Amino acid sequence: MVAMQVHPLLLGRTAGLPAAARQRYDEATVAMARRELDAAGAALADVLAMAPDFVEAQRLQGLVAHIRGDHAGAVAILRRALVTAPDNALLHMNLGMSLYSAGEFATAFSSLRRACELAPDFPPAWFSLGRAFQQQGRTAGAITALHRAVDLAPEDPVMRSLLAEAQASLGAVAAACTNYREALRHEPDHAEAWLGLARLQVEPFSKDDLARLQQAMQRPGTSPQARVMLGFALVRCLEDQGDYHAAFRVLRKANGQKRKLVNWNAAVVSARIARIRAAFARPPGEVDDPQLGGQVVFLMGLPRSGGGLLRRVLAGHAQVDANERPQHLRAVIEEESGRRQREFPQWTIEATPADWARLGRDYLARAVRAQDGKRCFIDQSDQDWHLMGAAMAMLPGARLVDCRRDPLENCLSCYRQLFAVHHEFSYDLDELASFWRDCDGLCAHWQQLYRGRVFVHQHESLLADPPLQLHRLLNFLGLDEDQACLDVRANRRQGAAGNTARLREPLRWQEPRAPRYGGKLDRLRVLLGLA
């Protein structure tokens, strides 16, 4: 680990504190480092009983509340402390982080910017601001703030890795690669940097990289999550060496380790999908406005099924808004479930055409924004395929694009991917196959239920003959031909960043990966019904 120089802002914080209070304060900091939050809270309460105006103890109390997930409580504590010390940069930084976690984004950015103004040479303030920008998808702002953080703390691998991630998301892969490599120069076993490099796919890993990664994997004291990240990076490294036998062994181990860190119950999920299918056994009744939602195009499918690439293709069309949106569909359905005090899909059986129209208008009020005269907008999610029955009932004019990929390639791609969040089904081959079957069956049901409103998009067809597949899709959407769609490199201004390597390439056929693993995937073939 890199030894960092202590910033003056962090020095002298206990000056003038009575000896007994200082001892309890030190005990609180040790307890926080060990994540012993009850002990830390008790020690801080003792400190404040002896020194009620000690701002640093109040700040740590807010941090304890933040770590517990009580973000509103943290905000209240930190705001009280700011009354005593309005120009304390640490308070503003922590307040900004808690406000962000509480969903108060605008106020959070004000606090984070104020921290940077008060302590312009304090790297964590710029890092916190940059991370907030990155989480909001405001990548340009993230890069500016993170550059400042890295300039102030050039040896910090965490800051460099987040800067590299932001650069990669904008397609600046050469700069991202440089920063990941620089992070590894300072901390050779930095898991985030290794994983980031693996995802970039800028250049093959070398034999020297392989040796360094294997050494990092064997280092004692590595956290379980870091070991998982190193494992997924090692898989890519072994693939680059052509050793698919060893790659699969490492892949199975890394997925097994990740599986222990997530909660997933395939049987519960399958039962819920069956209930959804039963609830939408028949189309909804007659509607007053069959054109409601005619500007909406839902892209659905499993992760790694080509939905992100298709979104970038459509982003090039002059009449399509493909910018990312929050999960409004899920929010509308969850709020209706709360109002009725019944889980989805239980209440759908009682929903009338008027109820569905009300929910559709609610969705449109949230999702439709100034579209610059564009005829349609894209709502794409790889998590909401089970909600498409409700989406079609809410918006009788909307259309649905079912993104499909070769089942074996799709499942292998998920199995090779360490997802940042969600997709807990992907870390066990049996559970992965079960989830694919659930998705396949329900999406086939949507095709039958909403015949004429669903387009089945095959990922391989787009890569094999882009103009033909684009013609078919645009015809389904009622849009004119627009050859700009085929320049996905130019289209990255809209839509999710996806695989940064693919952003730099034209649409072209890629050789399947599954054959390289040969018999290692035989069980998956059987589970998918492909044997």
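The structure reproduced in this document is the subject of the present report. If you're wondering where the values come from, they're calculated on a predicted model, not measured in any experiment. Here, residues in each chain are numbered from 1, in the same order as that chain's written sequence. With pLDDT at 70 or above as the cut-off, local features in this predicted model cover only qualifying residues; side-chain atom pairs require 80 or more to be listed or tallied, and sums for whole chains, interfaces and linings still use all residues. As a convention, hydrogens and water are excluded, and side-chain values are obtained from all of the structure's heavy atoms.

### Some details on the overall build of the protein chain
Our working definition: Only DSSP runs of H or I reaching four residues or more are called helices, and only runs of E reaching two or more are called strands; each is numbered from the N terminus. In this treatment the radius of gyration is a C-alpha quantity, and the globule benchmark scales as 2.2 Å times the residue count to the 0.38 power. Burial here depends on accessible area, computed with a 1.4 Å probe over protein chains only, as a share of the maximum for the residue type. Under 20% is buried, over 50% is exposed, and the range in between is partly exposed. Residue contacts are defined here by distance: any two heavy atoms, one from each residue, within 4.5 Å place the two residues in contact. In this description, accessible areas are obtained by the Shrake-Rupley approach with a 1.4 Å probe, and a residue is regarded as covered only by the protein chains that are shown. Positive residues here are Lys and Arg, negative ones are Asp and Glu, while His and the chain termini are left out of the count. All charge positions are set by atom: Lys at NZ, Arg at CZ, Asp at CG, Glu at CD.
Within the protein chain, the secondary structure is distributed over 26 helices and five strands. The C-alpha radius of gyration of the protein chain comes to 26 Å, within 12% of the 24 Å expected for a compact globule of 531 residues. The C-alpha extent of the protein chain, read off along each of the three principal axes, is 75 × 60 × 45 Å. The buried share of the protein chain, taken over its 531 residues, is 52%. Within the protein chain, contacts between residues at least 6 apart in sequence are counted, and of these 69% link residues at least 24 apart. For the protein chain, the computed accessible surface area is about 24100 Å², with 51% contributed by carbon and sulfur atoms. Charge centroids of the protein chain, computed over 66 positive and 60 negative side chains, lie 2 Å from each other.

### Things to note about the side chain of Asp 355
Among the structural elements, Asp 355 can be located in helix H18 (residues 353–367). Residue Asp 355 is classed as buried on the basis of its relative accessible area, which comes to 16%. Not counting residues up to four positions away in its chain, the partners in contact with Asp 355 are Arg 340 and Glu 350.

### Observations regarding the pattern of salt bridges
Where we set the bar: A pairing counts as a salt bridge when a side-chain nitrogen of Lys or Arg comes within 4 Å of a carboxyl oxygen of Asp or Glu.
Tallied over the full model, the rule gives 28 salt bridges. In this structure, Arg 366 engages Glu 335 in a salt bridge whose closest nitrogen and oxygen atoms are separated by 2.5 Å. Of this pair, Arg 366 sits in helix H18 while Glu 335 is found in helix H17 (residues 328–340), placing the two residues 31 residues apart along the sequence. On the basis of relative accessible area, Glu 335 is assigned to the partly exposed category, the value being 46%. Each member of the salt-bridge network shares a partner with another, and the members are Glu 336, Arg 339, Arg 340, Asp 355 and Arg 358.

### Quick word on empty space enclosed by the protein
What counts is decided by this rule: Only protein atoms enter the 1 Å grid used here. Points where a 1.4 Å probe fits but cannot escape make up a cavity, open sets with protein on both sides within 12 Å along at least five of seven lines make up a pocket, and a residue lines them when an atom lies within 4 Å of a point. Grid points are joined across faces, edges and corners, and a volume is the space filled by probe spheres set on the points. Classification convention: Asp, Glu, Lys, Arg as charged; Ala, Val, Leu, Ile, Met, Phe, Trp, Tyr, Cys, Pro as nonpolar; all other residues, Gly among them, as polar.
Scanning all chains against the criterion turns up three cavities of 30 Å³ or more. Its volume calculated, the largest cavity comes out at about 50 Å³. At the level of elements, helix H10 (173–186) and helix H11 (191–200) are the ones that each hand at least two residues to the lining of the largest cavity. Broken down by class, the residue content of the lining of the largest cavity amounts to five nonpolar, one polar and two charged.

### Considerations on the nonpolar core
As a rule of thumb, soluble globular proteins bury nonpolar side chains together. What counts, and what does not: What is meant by a nonpolar core is a set of buried Ala, Val, Leu, Ile, Met, Phe, Trp, Tyr and Cys residues, joined one to another through side-chain atoms within 4.5 Å.
Phe 280, Phe 298, Tyr 363 and Trp 446 are the most contacted members of the largest nonpolar core, which totals 97 residues. Discounting residues that sit within four places of it in the chain, Tyr 363 has contacts with Val 296, Phe 298, His 328, Leu 329, Val 332, Phe 377, Asp 379, Met 394 and Leu 395. Among the nonpolar cores identified, the runner-up in size contains 37 residues, and Phe 109, Leu 112, Ala 115 and Ile 143 belong to it.

### Examining the packing of helix H13 (residues 224–240) against helix H14 (residues 244–259)
This is how it is decided: Between the N-to-C directions of two axes lies an angle of 0 to 180 degrees, each axis being a line fitted to C-alpha atoms and, for a helix, fitted only over the stretch in contact. Oblique is the label for any angle not under 35 degrees, not over 145, and not in the 65 to 115 range, which are roughly parallel, roughly antiparallel and roughly perpendicular in turn. The sense of a crossing depends on the near helix, which, turned anticlockwise from the far helix by less than a right angle, makes the crossing left-handed and, turned clockwise, makes it right-handed.
Where H13 contacts H14, the axes come no closer than 8 Å and their chain directions differ by 160°. The pairing of H13 with H14 is recorded here as roughly antiparallel in orientation. For the crossing formed where H13 meets H14, the hand is left-handed. Between H13, through Gln 225, Arg 227, Val 228, Gly 231, Phe 232, Leu 234, Val 235, Leu 238 and Glu 239, and H14, the contact on the second element is made entirely by Tyr 244, Ala 246, Ala 247, Val 250, Leu 251, Ala 254, Asn 255, Gln 257 and Lys 258.

### Some details on the pairing of strand E4 (residues 399–404)
Along any regular strand the residues' side chains alternate between the sheet's two faces. We count it as follows: One requirement defines pairing of two strands: DSSP has to find at least two bridges between them.
Of all six residues that make up E4, six are buried, and the element is covered over most of its length. Where strand E1 (residues 296–300) and E4 come together, four bridges link them in parallel fashion. Within E4, the position partnered with Met 300 by the bridge is Asp 402. In this structure, E4 lies alongside strand E5 (residues 454–458), joined through five bridges in parallel fashion. Note that in E5 the partner of Arg 404 across the bridge is Gln 458.

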